2 protein chains.
Amino acid sequence: MSTDPIQPAFILVNPQMGENIGAAARAMWNFGLDRMRLVAPRDGWPNERAVALASGAGRLLDDAGLYDTTAQAIADCDYVFATTARARGLTKPVMTPERAMDHARALSAEGKRVGVLFGPERAGLENDDIVRANAIISVPVNPEFASLNLGQCVLLTAYEWRRQTAQIVPEVVEMAKTEWAGHVEVEKLGDHYEDRLVEAGFFFPETKAEGMKQNLRNMWSRMPLTRADVQILHGVMRQMVRWKERGD
Amino acid sequence: MSTDPIQPAFILVNPQMGENIGAAARAMWNFGLDRMRLVAPRDGWPNERAVALASGAGRLLDDAGLYDTTAQAIADCDYVFATTARARGLTKPVMTPERAMDHARALSAEGKRVGVLFGPERAGLENDDIVRANAIISVPVNPEFASLNLGQCVLLTAYEWRRQTAQIVPEVVEMAKTEWAGHVEVEKLGDHYEDRLVEAGFFFPETKAEGMKQNLRNMWSRMPLTRADVQILHGVMRQMVRWKERGD
């Protein structure tokens, strides 16, 4: 929609393998991002391998802007992030993807255009590109082991964009054709079990009977029971009684 | 360090390609997670392709636990998440990776053991595995395009574990002289009920038997059962059988 903030453009600088360009497109589109730009892909453009790997996200490749230099690719951007795994000896803010996408979101809401640079697979961005950025994004990986590839870096950045932007439903319970049992239903379930268990001689010895009944009631009421659960539990008890009555 | 909370175990159920097992190990170790478990990998174990792909994270494969069944792999877990992309028709809490790893941290801080199940590449987890989990993790992807693969799902979950460094104040439940039941206890409770109800002829008609069994398993694993609850529920079933056998 036209009222939505402009999404950040993800800019792949000198990507090498077509497969990785396709994988980056898929990673972006998983999280609803579709503005891809390419700076001088090694194997030319368009690229069959990229198309093959992008499958359902092929539209991003069709619409991708193609540029000769990083400077041209970011010419219309108001704010640029550069992703990099290691310190570069440059004085520049370094942000986590979380902080960076929080910032990007605020900028976009103000009508600013944001770009995110991703370097080639082997070596990452060169300092010549990084000096053009306003800030660095560095994923907080294990200091003993940092091995994120291009697609993973794109994925995590896109994920952070969506995590913070999407309407977050923190926790839902998938209800399979049922709803939560009401208090009366749970009470009747408790009655059913208690009555049958009294007949069965469960509450023994007498001195402990009251406490045992309370524990059982307390358990049912503490459970997040659905109506379907209540029906199953009634069915379990009824079947046990039927089994007894059959006497087989 | 011994004072650190126990990290969640990432459990790959029936992984197919060795390459993907290696990639999962790398994804985990990027975010400092190293407790991997494998349930019946398709191509056997150890797997050369997995080792080749894991490179610097090979130690995770050397240390990985190997299990025949999902039930065995989660036997020592106090709380289990199942990752899945689509609704399964099961009544079960569904959480984002963010919410889930927040919860996992709180549980770990209490000394609880957490497991996260990941399904095979093509089809994902089967309902038979999901019913054993306490909650579902679903990555909030673009509803028009969801194409996360196994490695990406592992990566995002591991990332969320590490991202959340905030001090978590665990939710406090007053525990009356008891503690939460472990997975083995709940599994055995499920076995006990299933076995007796088979004898009692509960799972009828035959065509519905499998679905009924899954519903019952799913119910037990969804309940916040204490050890005392489990004992009561065993006692209930034993008593019903005794009653039948007395034939009075």
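### Quick notes on helix α5 (residues 97–109) of chain A
Residues and elements named next belong to chain A. Taking 1.5 Å of rise per residue, 13 residues should cover 18 Å, and α5 covers 18 Å from first to last C-alpha, within 8% of that figure. Residues of α5 that are buried: Pro97, Ala100, Met101, Ala104, Leu107 and Ser108. Down the axis of α5, the sector holding all buried residues measures 115°, keeping them to one side. Just beyond α5, the residue with positive phi is Gly111, at close to 85°.

### Quick look at the sheet that holds strand β4 (residues 79–83) of chain A
Residue and element names in this part refer to chain A. Judged by pairing direction, the sheet is parallel, and its 7 strands sit side by side in the order β3-β2-β1-β6-β4-β7-β5 without closing on themselves. One side of each edge strand has no neighbouring strand; the edge strands of this open sheet are β3 (65–67) and β5 (94–95). Of the strand pairs in this sheet, β4 and strand β7 (residues 135–137) are connected by 3 bridges, and their pairing is parallel. Residue pairing for β7: Phe81 is matched across the bridge by Ala135. Lying over the sheet, helix α1 (residues 18–30) contacts β1 (9–13) and β2 (36–39), oriented at roughly 155° with respect to β2. Sitting on the sheet, α5 touches β4, β5, β6 (114–118) and β7, and the angle it makes with β4 is about 165°.

### Side note on the pairing of β6 of chain A
Residue and element names in this part refer to chain A. Along β6, 5 of the 5 residues are buried, which leaves the element largely enclosed by surrounding structure. Here β1 runs beside β6; their pairing, made up of 4 bridges, is parallel. From the neighbouring strand, Phe10 faces β6, where its bridge partner is Val116. In terms of strand pairing, β4 meets β6 through 4 bridges, oriented parallel. Looking at the pairing, Phe81 lines up with Val116 of β6.

### What to know about helix α9 (residues 206–222) of chain B
For α9 of chain B, which comprises 17 residues, the first-to-last C-alpha distance of 25 Å matches the rise-based estimate of 24 Å (1.5 Å per residue) to within 8%. For α9 of chain B, the complete set of buried residues consists of Ala209, Gln214, Leu216, Arg217, Asn218, Met219, Trp220, Ser221 and Arg222 of chain B.

### Remarks on the nonpolar core
One finds Met36 and Phe81 of chain A together with Met36 and Phe81 of chain B to be the most contacted residues of the largest nonpolar core, which totals 82 residues. Apart from the residues within four sequence positions on either side, Met36 of chain A is in contact with Phe10, Leu12, Ile21, Ala24, Ala25, Met28, Leu60, Leu61, Ala64 and Gly65 of chain A. By size, the runner-up hydrophobic cluster in this structure holds 44 residues, among which are Ala209 and Met223 of chain A together with Leu197 and Phe203 of chain B.

### Section: the confidence of the model for chain A
Of the residues in chain A, 93% reach a pLDDT of 70 or more, and the chain-wide mean stands at 88. If you check the scores for this complex, the pTM reads 0.82 and the ipTM reads 0.80.

### Some points on the interface of chain B and chain A
With 69 residues of chain B at the interface, the matching set in chain A holds 66 residues. Each partner contributes to the roughly 5800 Å² buried at the junction of chain B and chain A, and carbon and sulfur atoms together form 64% of this total. Broken down residue by residue, the surface that chain B buries against chain A is led by Phe145, Trp243 and Lys244 of chain B, which jointly contribute 13%. Summed over the shared surface of chain B and chain A, the result is 4 salt bridges. Taking the shortest distance from any N to any O, the salt bridge between Glu160 of chain A and Arg163 of chain B comes out at 3.6 Å. The interface formed by chain B and chain A contains 17 residue pairs in polar contact (both at pLDDT 80 or more). Mapped onto the side of chain B that touches chain A, the elements with two or more residues apiece are α1 (18–30), β5 (92–95), α5 (97–109), α7 (150–163), α8 (183–199), α9 and α10 (227–246) of chain B.

### Brief notes about the domain arrangement of chain A
Split into domains, chain A comes out as domain 1 (9–165) and domain 2 (183–247). Taking the mean C-alpha position of each, domain 1 of chain A and domain 2 of chain A sit 59 Å from one another.

### What about the environment of Ser147 of chain A?
For Ser147 of chain A, the location among the structural elements is in the loop between β7 and α7 (150–165). Taking relative accessible area as the criterion, Ser147 of chain A reaches 15% and is therefore assigned buried. For the pair formed by Ser147 of chain A and Asp63 of chain A, sequence separation is 84 residues and the distance between their alpha carbons is 30 Å. Excluding its chain neighbours within four sequence positions, the residues that come into contact with Ser147 of chain A are Gln152 of chain A together with Arg26 and Asn30 of chain B.

Rules used in this analysis
- Residues numbered from 1 in each chain as written.
- Chains lettered and ligands numbered in written order.
- Predicted model: local features only at pLDDT ≥ 70, side-chain atom pairs only at ≥ 80, totals over all residues.
- Heavy atoms only, no water.
- Helix = DSSP H or I, 4+ residues; strand = E, 2+ residues; numbered from the N terminus.
- Expected span 1.5 Å × (residues − 1).
- Buried < 20%, exposed > 50% of the residue type's maximum accessible area, 1.4 Å probe, protein only.
- Arc of directions from axis to C-beta.
- Pairing = 2+ DSSP bridges.
- Contact = heavy atoms within 4.5 Å.
- Axes fitted to C-alpha atoms, helices over the stretch in contact; angles between N-to-C directions.
- Core = buried A, V, L, I, M, F, W, Y, C linked by side-chain atoms within 4.5 Å.
- pLDDT = per-residue confidence, 0-100.
- Buried area = accessible area lost by both parts, 1.4 Å probe.
- Salt bridge = Lys/Arg side-chain N within 4 Å of Asp/Glu carboxyl O.
- Polar contact = N/O pair within 3.5 Å; in protein donor to acceptor, adjacent residues only side chain to side chain.
- Domains from an automatic or database assignment.

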